[in-house]
Amino acid sequence: MLRYTGRRVLQMIPVFIGATFLIYALVFLLPGDPVAALAGDRALTPAVTEQLRARYHLDQPFLVQYLLYLKGLLTLDFGTSFSGQPVGEVLAQAFPITLKLAFTAIVIETVLGIGAGLIAGLRQGGVFDGTVLILSLVLIAIPVFVLGFLAQFFVGIRWGLAPPTVGADTSLSRLLLPACVLAAVSFAYVLRLTRTSVAATLSTDFVRTATAKGLSRPRVVGVHVLRNSLIPVVTFLGADLAALMGGAVVTEGIFNINGVGGTIYQAVIRGEAPTVVSFVSVLVVVYLIANLLVDLLYAVLDPRIRYV
């Protein structure tokens with residue numbers, strides 16, 4: 001297990017470097033001058049412009065800029081944004097908010113998706129099965145921004161069941177509605193994955209053997225069916241955590257949440273490469289760690305898998 005984990009960690013290094021390089025290159029190739037965007041309507045003198053370009057290494061070739069940034073990244077020095085605020089402080093302010101939002105969404109989609117998918121898989125062709133399949137298709141078909149505005153209007157404004165916006169108060173009660181919106185599409189996929197996997201597992205030989213031995217229905221479902229059916233679901237959930245954190249731009253914008261999504265969006269507009277790459281780098285690390293944990297969980301869910 002330790003050798004496998006060490007090998008997986010070594011595999012993460014080129015992935016991390018490649019991802020940060022591509023993101024930095026894309027930001028570098030964006031049209032416009034970030035120094036001019038920083039000045040706004042005011043014209044800067046040539047001396048001030050050159051000073052700012054030297055401060056942020058914009059006068060260096062692209063490869064030199066990236067290597068300098070990578071050096072700072074490895075020493076946990078994320079640099080300074082064009083507004084003068086250290087990027088580390090921006091990270092410390094935005095990431096806990098989005099992390100709380102993403103984990104709340106993960107819990108919602110995991111509990112509801114696996115529960116509904118298990119019941120639908122055990123009762124194939126029934127009313128509940130057909131209802132949840134139609135519901136999942138509707139959730140997948142509706143864009144997130146439409147679902148967000150509908151939830152904000154009906155649940156938050158008309159019915160008054162939840163605050164329509166979050167703002168500075170990021171308590172769990174205020175994040176619950178945007179978390180449900182963020183988790184809606186992933187909930188539909190978890191439901192369908194669980195339902196399909198449970199239906200396929202029910203027809204396997206070891207389940208029929210366990211039933212023939214006289215094991216109780218709850219033990220057969222809980223130990224044999226559900227445990228083996230969760231492998232594809234866990235794979236999806238591991239990749240979905242980083243996707244939720246990076247894909248919260250629309251949700252955070254609708255509900256006025258000052259998290260990762262809104263910060264990345266504003267940084268892209270201003271051409272702030274250090275801020276964008278710093279945030280994306282942390283997202284890459286979260287994604288890699290989540291996938292490592294998923295691989296290690298395989299040995300727990302399926303006793304046939306052993307890492308030697």
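Residues numbered from 1 in each chain as written. Predicted model: local features only at pLDDT ≥ 70, side-chain atom pairs only at ≥ 80, totals over all residues. Heavy atoms only, no water.

This brings us to the overall build of the protein chain. When you go through the protein chain residue by residue, the secondary structure sums to 13 helices and zero strands. Its helices and strands in sequence order give the protein chain the pattern α-α-α-α-α-α-α-α-α-α-α-α-α, from N to C terminus. The buried share among the 308 residues of the protein chain stands at 43%. Residue pairs at least 24 apart in sequence account for 76% of intrachain contacts in the protein chain once pairs closer than 6 positions are excluded. When the accessible area of the protein chain is evaluated, it comes to approximately 16200 Å², of which 69% is carbon and sulfur surface. (Helix = DSSP H or I, 4+ residues; strand = E, 2+ residues; numbered from the N terminus. Buried < 20%, exposed > 50% of the residue type's maximum accessible area, 1.4 Å probe, protein only. Contact = heavy atoms within 4.5 Å. Areas by Shrake-Rupley, 256 points an atom, 1.4 Å probe, with all protein chains shown as cover.)

Turning our attention to the packing of aromatic side chains. Inspection of the entire model under this criterion finds six aromatic pairs. Judged by centre distance (5.0 Å) and plane angle (85°), the ring pair of Phe153 and Phe154 falls under edge-to-face. Here the aromatic cluster, defined as three or more aromatic residues joined through ring pairs, consists of Phe21, Phe62 and Tyr66. (Phe/Tyr/Trp six-rings, centres within 6.5 Å; stacked < 30°, edge-to-face > 60°.)

Here we come to the side chain of Thr251. Checked against the element boundaries, Thr251 lands in helix α11 (residues 249-254). Those residues in contact with Thr251, other than ones at most four positions away along the chain, are Val144, Pro178 and Leu182.

Now for helix α7 (residues 144-158). In an α-helix there are 3.6 residues to a turn, and that puts residues three or four apart on one side. In a regular helix each residue adds 1.5 Å, so 15 residues correspond to 21 Å; α7 covers 20 Å between its end C-alpha atoms and thus fits that length. Taken as a whole, α7 has its buried residues at Leu147, Gly148, Ala151, Gln152 and Gly156. Along its buried surface, α7 packs onto α6 (127-141), α8 (172-202) and α11. Among the residues trailing α7, Gly160 stands out with phi positive, at a value near 65°. (Expected span 1.5 Å × (residues − 1).)

Turning our eyes to something else, we now look at the UniProt feature "transmembrane region" (unreviewed entry) in the protein chain. Feature annotation in UniProt assigns "transmembrane region" (unreviewed entry) to the following positions: residues 12-30, 101-120, 132-155, 175-193, 233-255 and 275-301. Across residues 132-155 one finds 92% helix and 0% strand; the C-alpha atoms that close the span lie 21 Å apart. (UniProt positions renumbered as here; feature names shortened; annotations may be inferred.)

Turning our attention to a nonpolar patch on the surface. Together, Phe145, Val146, Phe149, Leu150, Val249, Val250 and Tyr265 give the surface a local cluster of nonpolar side chains, amounting to about 600 Å² of exposed area. At the level of elements, α7 and α11 are the ones that each hand at least two residues to the nonpolar patch. Sorting elements by how many residues they give to the nonpolar patch places α7 first, with four residues. Of the residues examined, Phe149 reaches a relative accessible area of 47% and is grouped as partly exposed. (Patch = residues over 30% accessible without salt bridge, like charges linked within 9 Å, V, L, I, M, F, W, Y side chains within 5 Å. Salt bridge = Lys/Arg side-chain N within 4 Å of Asp/Glu carboxyl O.)

We now examine the environment of Thr275. Tracing the sequence through the fold places Thr275 in helix α13 (residues 273-301). With 12 residues separating them along the chain, Thr275 and Thr263 place their C-alpha atoms 8.4 Å apart. When sequence neighbours within four positions are dropped, the list of residues in contact with Thr275 reads Ser81, Val87, Thr263 and Ala267.

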